[in-house]
Every structure is written in C-alpha cells, then in structure tokens.
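# Commentary on secondary and tertiary structure
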Amino acid sequence: TPMFGVRLANCMQLSFFPNGSRTSEDGQCTVSVTRGPDSAGIKFEILVNGRGIGPKVCLGKRYLGDFPLPFNESDEHKSKRVVISMQVLDVLAD
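Below you will find a few notes about this structure. (Residues numbered from 1 in each chain as written. Predicted model: local features only at pLDDT ≥ 70, side-chain atom pairs only at ≥ 80, totals over all residues. Heavy atoms only, no water.)

### Remarks on the overall build of the protein
In terms of helices and strands, the protein carries zero helices and eight strands. If you list the helices and strands of the protein from N to C, you get β-β-β-β-β-β-β-β. Projected onto the principal axes, the alpha-carbon positions of the protein cover approximately 50 × 25 × 20 Å. Counting over 94 residues, the protein shows a buried share of 28%. For the protein, the computed accessible surface area is about 6200 Å², with 49% contributed by carbon and sulfur atoms. A gap of 4 Å separates the mean positions of the 11 positive and 10 negative side-chain charges of the protein. (Helix = DSSP H or I, 4+ residues; strand = E, 2+ residues; numbered from the N terminus. Buried < 20%, exposed > 50% of the residue type's maximum accessible area, 1.4 Å probe, protein only. Areas by Shrake-Rupley, 256 points an atom, 1.4 Å probe, with all protein chains shown as cover. Lys, Arg positive; Asp, Glu negative; His and termini not counted. Charge placed at Lys NZ, Arg CZ, Asp CG, Glu CD.)

So this is what it looks like as structure tokens:
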C-alpha cells in the first residue's frame, strides 16, 4: 500500500504476501505492517476478506501475521479479490 499514518504513528505500510512468508504453513497468506522509525507503537487488528486473528501489537519496526487463505487456489477463484483492512485500536505513546 502507499504509506499512511495516524496520530503519533506516521509512515506505516501494509504488505500482502498471497503465498505466505518463508515460515508460513501451507494454506496461509501473510500480511505485514511496517512502521516508520519515529512512530509510536500501535495496537491493531487486520482482517483478510473479513476474517481476523485477533488484536495484535507492533512495538518494533515490523509485524508479520499469517492468516488462512481467503479462498482455495482453484481456477474458479483466480479472478476473486482479496480485501485487507486494518483497524488501529490504540496508539501506544509514552
């Protein structure tokens, strides 16, 4: 995504890896949140096609989360869209 931000936590970016990361299990995709160097920590929840894995916290530079694939890999799903949404629940400033 393009860079975005909220109060005290600017320069964030979401990235989607449909085949997961190196450590993902089969049948999972990965979403990462990257924060800028001067950003406050954040508590957030990410949804992949409306399904989440619960609230998470990012205090470091990056968070990686594995999610169940939004649909199987059959040809009938090749044209389907994946919608990633992120809700910031709290900004963890000093």
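### Remarks on a nonpolar patch on the surface
Together, Val-57, Leu-59 and Leu-92 line one region of the surface with nonpolar side chains, adding up to about 260 Å² of accessible area. A relative accessible area of 43% places Val-57 in the partly exposed class. (Patch = residues over 30% accessible without salt bridge, like charges linked within 9 Å, V, L, I, M, F, W, Y side chains within 5 Å. Salt bridge = Lys/Arg side-chain N within 4 Å of Asp/Glu carboxyl O.)

### Comments concerning the nonpolar core
In this structure, Val-31, Val-33, Ile-42, Phe-44, Ile-46 and Phe-67 are the most contacted members of the largest nonpolar core, which totals 13 residues. Where this core is concerned, the elements lending two or more residues are β2 (9–17), β3 (28–34), β4 (41–48) and β7 (62–68). Those residues in contact with Phe-67, other than ones at most four positions away along the chain, are Gly-27, Gln-28, Cys-29, Val-31, Ile-46, Val-48, Arg-51, Gly-52 and Ile-53. (Core = buried A, V, L, I, M, F, W, Y, C linked by side-chain atoms within 4.5 Å. Contact = heavy atoms within 4.5 Å.)

### Some details on the environment of Gln-13
Position of Gln-13 relative to the elements: it lies in strand β2. Separated by 21 residues in the primary sequence, Gln-13 and Thr-34 place their C-alpha atoms 5.2 Å from one another. With near-sequence residues (within four places) excluded, Gln-13 lies in contact with Thr-1, Met-3, Phe-4, Ser-32, Val-33 and Thr-34.

### Observations regarding the pairing of β3
Residues in a regular strand project their side chains so that they alternate between the two faces of the sheet. Burial analysis of β3 places five of its seven residues in the buried class, which makes it a mostly covered element. With five bridges connecting them, β2 and β3 associate as antiparallel partners. From the neighbouring strand, Ser-15 faces β3, where its bridge partner is Ser-32. Where β3 meets β7, seven bridges bridge the pair, whose relative direction is antiparallel. (Pairing = 2+ DSSP bridges.)

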